[in-house]
Amino acid sequence: MSMSNVSRFIARRVELMRSSEIRELLKIVGSRKVISLAGGLPDPQTFPKEELVRICSKVLMERGDSALQYSPTKGVDEFRYELIKFLSNKGVKVSKDDDLIVTTGSQQALHIIALTLIDPKDYVVMELPSYLGAINAFRLSEPNFIGIPLDDDGMNTDILEVRLRRLYAEGKKVKLLYTIPIAHNPAGVTMSLDRRKHLVELAEKYDFLIVEDDPYSSFTYEPTDTTPLKSLSSSGRVIYVSTLSKILSPGFRIGWIVAHNDIVKEFEKCKQSLDLHTPTFTQYLSAEALRTGIVNSVIEKAKAIYKRKKDVMLEALEDYMVPGCWWSRPVGGLFVMLRLPREDMNTSEMLLDAIEAGVAYVPGASFYVDGSGANTMRLNFSYPKEEQIVEGIKILSNVIKSRLQ
Ligand SMILES: Cc1ncc(COP(=O)(O)O)c(C=O)c1O
């Protein structure tokens, strides 16, 4: 039989793996002269290259035999120890009933959570909009998604409460809720402390787990209470996920989960079958980067750069964007959401025109589990240079204008 069509060999689950629009885009964008406002890449200026050269040779000379070896699935002990110290300085409570497992990026943490906790048809609550990578990871477990809208104070927990009441009256039960409470991707908002407390109460009352994804709380641009849900709940039902991707290097692929130790035991079994363990060498380097304060200095430097770039993007939008468009004013994170003037406009359909004109973004529909958001897009300001941000917004405005005519 011919191998020109291999579909008969492909597992059914692959149909659920929608290739990330971001990654597809980056492929095109990388091969053309296009200003990318698409991905969520850190500014390479923030990479501590010289410090890492020093650390690399120190780790290899002093700990090479261990650093180049296999290591425990849960992570290298000295890295886990440094991480717990770092988290407690950030106000993330790791209680005596909790445990920490290192993951290969926080994307793997989301995958492990999906594989370990979500069965087909389970009810899973997501924000509208939510992080595309989480939607894609959870989708593989074939849940029923429930979308709850966001506003400037984060997920609207009153709407959530009404939905929960209705579901429970119908005999249905939510298993898990996923949120990015601080400096949301893509919405740029932070959930108010009152709502965070309300959410924790609802999780108690309706007996569901909360997955708190926290890659961006180091990047808040206004005075913000960043108390994590993990520290507001004492019952062990919050699963805290974070990463070194934006505060050291995404190339290291280092993330982690803090959760009740009985749940972490299940995560450990799952991770073992995925990749045995996260690369030992980058764990040793990360331990050293945390211990010697390198991570803290990256955070300080990156936060100043991103705050400035955020302001540049907002000014460019004020100066050049087509009247009638709405955009978010992020209080944290790396993204601005833009909404086009008309409901019937579709940013996915407009994307090729934009790329031809020289700018890329991520169409908004991919962030909404309820199929809405087609006239929105996500714009990144951390990676492009300041002059590219201005140029990119000018080009984008012209593309939108020509669609409106
Ligand atoms: C909200 C959120 N969660 C998780 C991730 C995954 O990050 P990584 O796998 O690099 O840790 C990202 C990346 O942009 C993100 O924005």
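Further up the page is the structure itself.
Residues numbered from 1 in each chain as written. Predicted model: local features only at pLDDT ≥ 70, side-chain atom pairs only at ≥ 80, totals over all residues. Heavy atoms only, no water.

Explain the nonpolar core here, please?
Considering soluble globular proteins, one finds that nonpolar side chains tend to be buried as a cluster. Among the nonpolar cores identified, the biggest contains 107 residues, and Phe-138, Ile-239, Phe-267 and Leu-338 are the most heavily contacted of them. For this core, the element with the most residues is helix H11 (residues 294–320), which contributes twelve residues. Non-local contacts of Leu-338, meaning those with residues more than four positions away in its chain, are made with Leu-317, Met-321, Cys-325, Trp-326, Trp-327, Asn-375, Thr-376, Met-377, Leu-379, Leu-396 and Ile-400. Among the nonpolar cores identified, the runner-up in size contains 23 residues, and Leu-167, Val-174, Leu-177 and Tyr-206 belong to it. (Core = buried A, V, L, I, M, F, W, Y, C linked by side-chain atoms within 4.5 Å. Buried < 20%, exposed > 50% of the residue type's maximum accessible area, 1.4 Å probe, protein only. Helix = DSSP H or I, 4+ residues; strand = E, 2+ residues; numbered from the N terminus. Contact = heavy atoms within 4.5 Å.)

I'm lost on the layout of surface pockets in this one. Help?
Gaps left between atoms show up when a probe the size of a water molecule is rolled over them. A volume near 550 Å³ is recorded for the second largest pocket. Breaking the lining of the second largest pocket down by element, the ones donating at least two residues are strand E4 (144–151), strand E10 (326–327) and strand E11 (335–339). Split into classes, the residues belonging to the lining of the second largest pocket amount to 14 nonpolar, six polar and five charged. Mapped onto the domain boundaries, the lining of the second largest pocket takes at least three residues apiece from domain 1 (15–47 + 296–404) and domain 2 (49–294). (1 Å grid on protein atoms, 1.4 Å probe; cavity = no way out; pocket = protein on both sides within 12 Å on 5 of 7 lines; lining within 4 Å. Points joined across faces, edges and corners; volume = space filled by probe spheres on them. Nonpolar A, V, L, I, M, F, W, Y, C, P; charged D, E, K, R; others polar. Domains from an automatic or database assignment.)

Would you mind showing me how to read the side chain of Ser-71 here?
Tracing the backbone through its elements, the reader meets Ser-71 in the loop between helix H2 (49–67) and helix H3 (77–89). Side chain to side chain, Ser-71 and Thr-280 meet in a polar contact 3.0 Å long. Residues within four places of Ser-71 in sequence aside, it is in contact with Val-76, His-277, Thr-278, Thr-280 and Gln-283. (Polar contact = N/O pair within 3.5 Å; in protein donor to acceptor, adjacent residues only side chain to side chain.)

Any chance you could explain empty space enclosed by the protein here in plain terms?
Per the stated rule, a full pass over the model turns up one cavity of 30 Å³ or more. Taken as a whole, the largest cavity spans an internal volume of roughly 50 Å³. Around the largest cavity, the lining residues are Phe-86, Lys-90, Asp-214, Pro-215, Tyr-216, Ser-217, Ser-218, Ser-242, Thr-243, Ile-247 and Trp-256. Residue classes in the lining of the largest cavity are distributed as five nonpolar, four polar and two charged.

Just to check I follow, could you spell out the site of the ligand for this structure?
Taken together, 14 residues surround the ligand, and among them Ser-106, Asp-213, Tyr-216, Thr-243 and Ser-245 come closest. Ser-106 places a main-chain nitrogen or oxygen 2.7 Å from an oxygen atom of the ligand. Compared with its free state, where it exposes 400 Å², the ligand has 92% of that area covered by protein. When residues of the shell around the ligand are assigned to their parent elements, the largest contribution, three residues, is made by helix H4 (residues 105–117). Tallied by class, the residues present in the shell around the ligand amount to five nonpolar, six polar and three charged. (Near = heavy atom within 4 Å. Areas by Shrake-Rupley, 256 points an atom, 1.4 Å probe, with all protein chains shown as cover.)

Any chance you could explain the pattern of salt bridges here in plain terms?
A side chain of one charge can pair with a side chain of the opposite charge if their charged atoms are brought near each other. All chains considered together, the criterion is met by 29 salt bridges. A salt bridge links Asp-225 to Arg-196; the nearest nitrogen and oxygen atoms lie 3.5 Å apart. Remark: Arg-196 occurs in helix H7 (residues 193–206) and Asp-225 occurs in the loop between strand E7 (209–213) and helix H8 (229–232); sequence separation between them is 29 residues. It is possible to trace a salt-bridge network through shared partners that takes in Lys-58, Glu-62, Glu-288 and Arg-291. (Salt bridge = Lys/Arg side-chain N within 4 Å of Asp/Glu carboxyl O.)

Any chance you could explain the environment of Phe-381 here in plain terms?
Along the chain, Phe-381 falls in the loop between strand E14 (376–380) and helix H13 (386–404). What makes Phe-381 buried here is its relative accessible area of 0%. For Phe-381 and Leu-314, which are 67 residues apart along the polypeptide, the C-alpha to C-alpha distance reads 9.7 Å. Setting aside anything within four residues of it in sequence, one finds Phe-381 in contact with Tyr-221, Tyr-306, Lys-309, Lys-310, Met-313, Pro-330, Gly-333, Leu-334, Phe-335, Val-336 and Ile-389.

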